[in-house]
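Spelled out from the first residue to the last, the chains are:
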Amino acid sequence: MMILRLPELEGQQGKALRVHEVFAADELVRMHPQVQSLSPVTVDAEARYEAGEVRVEGTLSGSLVLSCSRCLKAFPYSYSISVDERFVRASSGETASEETDEENVHVVDGDTVDLKPYLVELIALAIPFAPLCSEACKGLCPVCGVDRNVESCSCRTERIDPRLAPLAELLAAQMGQGEQKGPNGKPKEPNDT
Ligand SMILES: [Zn+2]
Ligand SMILES: [Zn+2]
């Protein structure tokens, strides 16, 4: 039951109504550039009317396929998000708006609330902005494009890890002695193993 009927909840003060549903949320693929696909979302929550508002508390869970922001590889990502959303009716004369001073409080018009867009929004917010297949992902070489997790290349890249900077200086000094040569003493060539 993804549609909350406010009069029904208001009529049973404090009594919880179970919200248990498995739903597709394919709009997340459009909402978040790193989402490739996703399995149906499970919501398990309770809705109750108390102190002038309808409160929905529970969890959202499921899994997504994200693309790594460094190496672009697809990887699975599971989530379990806690839900605590509150809905209050717009007082007469006011119009409903999405924004109140508290971000989980929503002012609504009418007698029904479709929970789905609020839940989908929660998932979108929980997905990392720049997801990584692993914290240690080395990413793609910005020069030749090889996946540095799989193979190495001998491209010189601008960004040098600050921890390796002293090593890079040392190598540069050594290379200064034998000009014109690649780091391994040979002219640069693609991997020829
Ligand atoms: Zn990666
Ligand atoms: Zn490279």
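None of the values given here were measured: they were computed from a predicted structure.

Participant: For this particular structure, what's the right way to read the overall build of the chain?
Facilitator: Regarding its fold elements, the chain presents four helices and eight strands. In sequence order, the secondary structure elements of the chain are arranged as β-α-β-α-β-β-β-β-β-β-α-α. For the chain, buried positions account for 14% of its 193 residues. Counted over contacts in the chain with a minimum sequence separation of 6, partners at least 24 positions apart contribute 56%.

Participant: What exactly am I supposed to notice about the pairing of strand S4 (residues 41-50) here?
Facilitator: Where a strand is regular, its side chains alternate between the two sheet faces. Covered by surrounding structure in S4 are Val41, Val43, Ala45, Ala47 and Tyr49 only, the residues Thr42, Asp44, Glu46, Arg48 and Glu50 on the alternate face being uncovered. When strand S2 (residues 17-23) meets S4, the two strands line up antiparallel, connected through seven bridges. Residue pairing for S4: Phe23 is matched across the bridge by Val41. Where S4 lies against strand S5 (residues 53-67), nine bridges are found, and the strand directions are antiparallel. In the strand pairing of S5, Asp44 is matched with Thr59.

Participant: Whenever I open this one, the confidence of the model for the chain confuses me. Can you help?
Facilitator: Segments scoring low in pLDDT should not have their predicted coordinates read at a detailed level. Taken over all residues, the pLDDT of the chain has a mean of 85, while the share at 70 or more is 78%. Across the chain, the secondary-structure element scoring lowest on mean pLDDT is helix H4 (residues 165-177), at 69, and the one scoring highest is S5, at 97. Confidence drops under a pLDDT of 50 for residues 178-182, and excluding neighbours within four residues, the segment shows four contacts in the predicted structure.

Participant: What is the right way to read the nonpolar core from this model?
Facilitator: Across soluble globular proteins, nonpolar side chains have a tendency to be buried as a group. One finds Ala47, Val54 and Val56 to be the most contacted residues of the largest nonpolar core, which totals 22 residues. Within the residue set of this core, elements represented by two or more residues are strand S3 (35-38), S4, S5, strand S6 (74-89) and helix H3 (116-126). Leave out the neighbours within four places in its chain, and Val54 touches Leu4, Leu6, Leu9, Ala47, Tyr49, Arg86 and Phe87.

Participant: Would you mind showing me how to read unusual backbone geometry here?
Facilitator: The phi torsion of most residues other than glycine is negative, and most of the peptide bonds are trans. Notably, Ala51 is not glycine yet its phi reads approximately 50°, a positive angle. On the secondary structure map, Ala51 appears in the loop between S4 and S5. Under the C-beta neighbour-count criterion, Ala51 is labelled exposed, with 9 such atoms within 10 Å. Of note in this structure, Leu72 is not a glycine but carries a positive phi near 70°. Take Leu72: it is sitting in the loop between S5 and S6.

Participant: Whenever I open this one, the environment of Pro76 confuses me. Can you help?
Facilitator: When you line up the elements, Pro76 lands in strand S6. The exposure class assigned to Pro76 is exposed, which follows from the 10 C-beta atoms found within 10 Å. Between the alpha carbons of Pro76 and Ser63 there is a distance of 6.9 Å; along the sequence they are 13 residues apart. Not counting the four nearest positions on each side in its chain, Pro76 is found in contact with Ser63 and Val65.

Parameters at a glance
- Residues numbered from 1 in each chain as written.
- Chains lettered and ligands numbered in written order.
- Predicted model: local features only at pLDDT ≥ 70, side-chain atom pairs only at ≥ 80, totals over all residues.
- Helix = DSSP H or I, 4+ residues; strand = E, 2+ residues; numbered from the N terminus.
- Buried ≥ 20, exposed ≤ 12 C-beta atoms within 10 Å, placed from the backbone.
- Contact = placed C-beta atoms within 7 Å.
- Pairing = 2+ DSSP bridges.
- pLDDT = per-residue confidence, 0-100.
- Core = buried A, V, L, I, M, F, W, Y, C linked by C-beta atoms within 7 Å.

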